[in-house]
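Residue-level structural notes
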Amino acid sequence: MGYDPKNPMKDRITDIGPRSYEEFMPPVIKKNFGKWLYHEILEPGVLMHKAESGDEVYTVRVGAARLMSIELIRDALKIADKHCDGCLRWTTRNNIEFMVDNKSKLEPLKADLKANPMFPIGGTGAGVTNIVHTQGWVHCHTPAIDASGIVKSVMDDLFKHFQSMDLPAQVRIALACCLNMCGAVHCSDIAILGFHRKPPFVQHEVISQICELPLAIAACPTGAIKPATVDGKKSVSVNGERCMFCGNCYTMCPAMPLMDAEGDCVVIMMGGKISNRISAPKFSKVVIPALPSNPPRWPEVVAAVRNILETYAKNANKYERIGEWAERIGWERVFEKCNIPFNVKTIDDYTLAYNTLRTTTQFKFS
Amino acid sequence: MAKFKTPLIDELEKGPWPSFVSDIKRQAKTKPELEDLLGQLELSYKDKETHWKHGGIVGVFGYGGGVIGRYSDMPKEFPGIAHFHTVRVNQTGGFYYNTKYLGQLMDMWERRGSGLTNFHGSTGDMVLLGTQTDQLEEIFWELTHDMNTDLGGSGGNLRTPSCCLGMSRCEYACIDSQAICQEMTMAYQDELHRPAFPYKFKIKVSGCPNDCVAAIARSDCAIIGTWKDNIRIDQSTVAAYVNGELKPNAGAHAGRDWGKFDIVKEVINLCPTKCMSWDGKELKINNKECTRCMHCINVMPRALRPGVDKGATLLCGAKAPILEGQRLATVIVPFIKTEGTFEEIKEVINKLLDWWMEHGKNRERIGELIGRMGMREMLKATGLPPVPQMVKEPRSNPYIFWEESDVPGGWTRDLAAFRKKHPL
């Protein structure tokens, strides 16, 4: 039995799809499916959901680095076996949730979680929850910055907001380690984005052997790459003035690397959101076009995120997300209050630029 | 004794947030290739550059996605991670698991991989990080035969659909997001495993407009639960919030003293359509004017509930900025019923896919195609009726591409007759 490399198609099973969630829901969840009445956050990280039947489910949410070892997951499984009938779930923001069907089971569960510092309880309500992020230097070929290390540094700094609910509204932070934005940071309250600032090298002597040149040329969204002959060999040329450093050419062609320790930097964006609550979903906006990328602790990035968060926390109204606060007071006021110097590079000059320019005499003086 | 000195990343073992470095170091005791991973990561922290090479084409027979090739650019120094491929395993709807299943998966990954994972990847899959080419078929065999599960998507195909936890534990859910997600995943297995699209295509399902799975920002087809009738009000419970017996927003603001709950300031005046009123005794909602933003329901979940005539809004075309700029998904079907096997939704998706596969350029997302060819072409191809819910406002330029069939008498004209009236 098992896979036979000599006969790879024998007994092959394909296209069966994932296991169904129905197999894995705890009994109290299954029983009350679609019949939940309301929920309460009992304390940071602890939720109670009440069903029409009168049943209650108590959930303890813990933070986790998205990058997890099998040993750490086994630690979580042990807790689920001991307290939660062997069931557990993850959230869309990489937190782990443990559920029990009776209040009396809550404290023992919490005690076991508190005994393990890898499972900090929190991440609910008007606070900072887990940062969604990408791979960075741990496992990606195009990053301008690391992901896990910056997330760790920022979350260490904002940890008290993970374990409290003292902000005007929830603050969703996201990190993407390059412009491809696997982490989709384009709609987050605060976004940390890795960015290259030097156009790609062209390795003329090998490019025509290891790359399909037309694909590399076609990959460029600004038409900056043109066919060229260098030393009698077919190659390409890059017009640096038209390069927006997206790395699409590198994705198509490994002979065009653009990462560079000096050039790679961190962009800070703010004011995006996804929820339709009160105001429409909105994009994050660039407020700091470049901060230095300084491992292992990225002090400039940590300070910039804390500054935005604290200025917002001090000034915004209850329920107001960062973007809603910015729109109420005006972006000119945001730069002033956050003490962020306005930079010509924060004025859009890409495809949708005109939508962002001011077309009224209504504005505020600094 | 660690194989490499790692003074830089050791700094990330300090502080209260869970340390991935400490976690990997512990795992490295039984999975020595992770020593090499730590060594290479330390080098990246020193160089401020990644040391991973471009992915090569690796995979399992018959599938074009689900596995991403990854190679170290310093294989001699770090031989344990010379090949360190990613395997995407399709997650469950709402990310529910039991310990038996995950235990099995962890055991498999201890035998056949590095012991490192992402729970979960950005699209939603369980991501297993780090294995070698000769393990891929073995892994696929065990996933399908022993664990009854399958790979997720990667490349120019349907990416693994994902959803919020929906009706399983949320009173706001207007649709069974897990069932819809599971059905879409099963109905489009071929599209998920065999790339035939111009680029990626994502389906995400959120139970309500709070949109916890970020469908409106991140999916080519967003399915978001909503309702058409009246918000259900329990007036005595509204009074309990007003009297301070219940904490607003389920206690989400308990960490700061915001003063006594003020329903006028915190609900009535924040309503985006101003369709609510409070006279000191009764909360009134002019439901016809409500745009279902969820704020009042979020603030008073014990008193207010979505209506009972539930369904979904379909939106299309969200993406991150690469290449032509960021897009949020835009409304294409204001309300669609979500029953049975969701055939109405599939019918729309099928038409979108057909149109995109015919006209989309290489690496052009469907949102960009709509941007290039216009909603007009998309609506013509899908047969979806144009409705005002699709736009924030109508066009402010009159440069309308009229078609010959739109105009009385068509475009064929008699020049001689024209010149008889209007000599040159």
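Residues numbered from 1 in each chain as written. Chains lettered and ligands numbered in written order. Predicted model: local features only at pLDDT ≥ 70, side-chain atom pairs only at ≥ 80, totals over all residues. Heavy atoms only, no water.

Moving on to the overall build of chain B. Broken down by element type, chain B carries 15 helices and 16 strands. When its C-alpha atoms are laid out on the principal axes, chain B stretches across 90 × 75 × 45 Å. Counting all 424 residues of chain B, 58% fall into the buried class. Carbon together with sulfur atoms contributes 54% to the accessible area of chain B, which is approximately 17,900 Å² in total. (Helix = DSSP H or I, 4+ residues; strand = E, 2+ residues; numbered from the N terminus. Buried < 20%, exposed > 50% of the residue type's maximum accessible area, 1.4 Å probe, protein only. Areas by Shrake-Rupley, 256 points an atom, 1.4 Å probe, with all protein chains shown as cover.)

All right, on to the overall build of chain A then. Each helix and strand counted, chain A has 11 helices and 12 strands in total. The dimensions of chain A, computed from C-alpha atoms along their principal axes, are 75 × 75 × 35 Å. Sorting the 366 residues of chain A into buried and exposed places 61% on the buried side. For chain A, the computed accessible surface area is about 14,600 Å², with 54% contributed by carbon and sulfur atoms.

Contacts between the two partners involve 130 residues from chain B, matched on the other side by 134 residues from chain A. Summed over the three residues of chain B that lose the most area to chain A, namely B:W17, B:H54 and B:R169, the buried surface amounts to 8% of that side. Here chain B is connected to chain A by nine salt bridges. Across the chain B-chain A interface, the total number found is 74 residue pairs in polar contact (both at pLDDT 80 or more). For the side of chain B that touches chain A, the residue count by class is 58 nonpolar, 43 polar and 29 charged. (Contact = heavy atoms within 4.5 Å. Buried area = accessible area lost by both parts, 1.4 Å probe. Salt bridge = Lys/Arg side-chain N within 4 Å of Asp/Glu carboxyl O. Polar contact = N/O pair within 3.5 Å; in protein donor to acceptor, adjacent residues only side chain to side chain. Nonpolar A, V, L, I, M, F, W, Y, C, P; charged D, E, K, R; others polar.)

End to end, helix α9 (residues 299–315) of chain A covers 24 Å across 17 residues, agreeing with the expected 24 Å (1.5 Å per residue, within 8%). Buried residues of α9(A): A:V301, A:V302, A:A304, A:V305, A:I308, A:L309, A:T311, A:Y312 and A:A313, and no others. (Expected span 1.5 Å × (residues − 1).)

In protein structure, a disulfide is the covalent linkage between the sulfur atoms of two cysteines. Here the structure, examined in full by the defined rule, presents one disulfide over all chains. With a sulfur-sulfur separation of 2.1 Å, A:C211 is cross-linked through a disulfide to A:C253. Taking the sign of the S-S torsion, 75° for the link of A:C211 and A:C253, the bridge is right-handed. Here the residue A:C211 occupies a position in the loop between α6 (204–210) and α7 (213–219), and A:C253 occupies one in the loop between α8 (248–252) and β11 (265–270), the gap between them amounting to 42 residues. With respect to burial, A:C211 and A:C253 carry one shared label: buried. For the unlinked cysteine B:C181, the closest cysteine sulfur is that of B:C163, found at 4.0 Å. (Disulfide = S-S within 2.5 Å.)

Turning to the side chain of B:K204, a few remarks are in order. Residues and elements named next belong to chain B. Mapped onto the elements, K204 comes out in strand β9 (residues 203–206). Buried and without a salt bridge, K204 has D125 as its closest oppositely charged side chain, separated by 8.5 Å. A polar side-chain atom of K204 sits 3.2 Å from a polar atom in the side chain of S162. Excluding anything up to four places from it in sequence, K204 contacts S122, T123, S162, V213, A214, A215, R218, S219, C221, A222 and I223. (Lys, Arg positive; Asp, Glu negative; His and termini not counted.)

The next subject is empty space enclosed by the protein. Where empty space is left becomes clear once a probe the size of a water molecule has been rolled over the atoms. Residue and element names in this part refer to chain B. Taken as a whole and assessed by the stated rule, the structure comprises nine cavities of 30 Å³ or more. In this structure, the second largest cavity spans a volume of roughly 120 Å³. Lining the second largest cavity are 17 residues, and of these C271, M276, C290, C293 and C296 lie nearest its centre. Considering each element in turn, the lining of the second largest cavity owes the most residues, three residues, to helix α11 (residues 295–299). For the lining of the second largest cavity, the class distribution of residues is 13 nonpolar, three polar and one charged. (1 Å grid on protein atoms, 1.4 Å probe; cavity = no way out; pocket = protein on both sides within 12 Å on 5 of 7 lines; lining within 4 Å. Points joined across faces, edges and corners; volume = space filled by probe spheres on them.)

Take the pairing of strand β5 (residues 87–90) of chain A next. Residues and elements named next belong to chain A. Burial along β5 is two-sided: C87 and R89 and L88 and W90, pointing in opposite directions, are all buried. Direction of pairing for β5 relative to strand β6 (residues 96–100): antiparallel, over a ladder of two bridges. Pairing of W90 across the sheet is with I96, part of β6. Between β5 and β6, which pair antiparallel one after the other, the connecting turn spans five residues, and N94 there sits at a positive phi close to 65°. (Pairing = 2+ DSSP bridges.)

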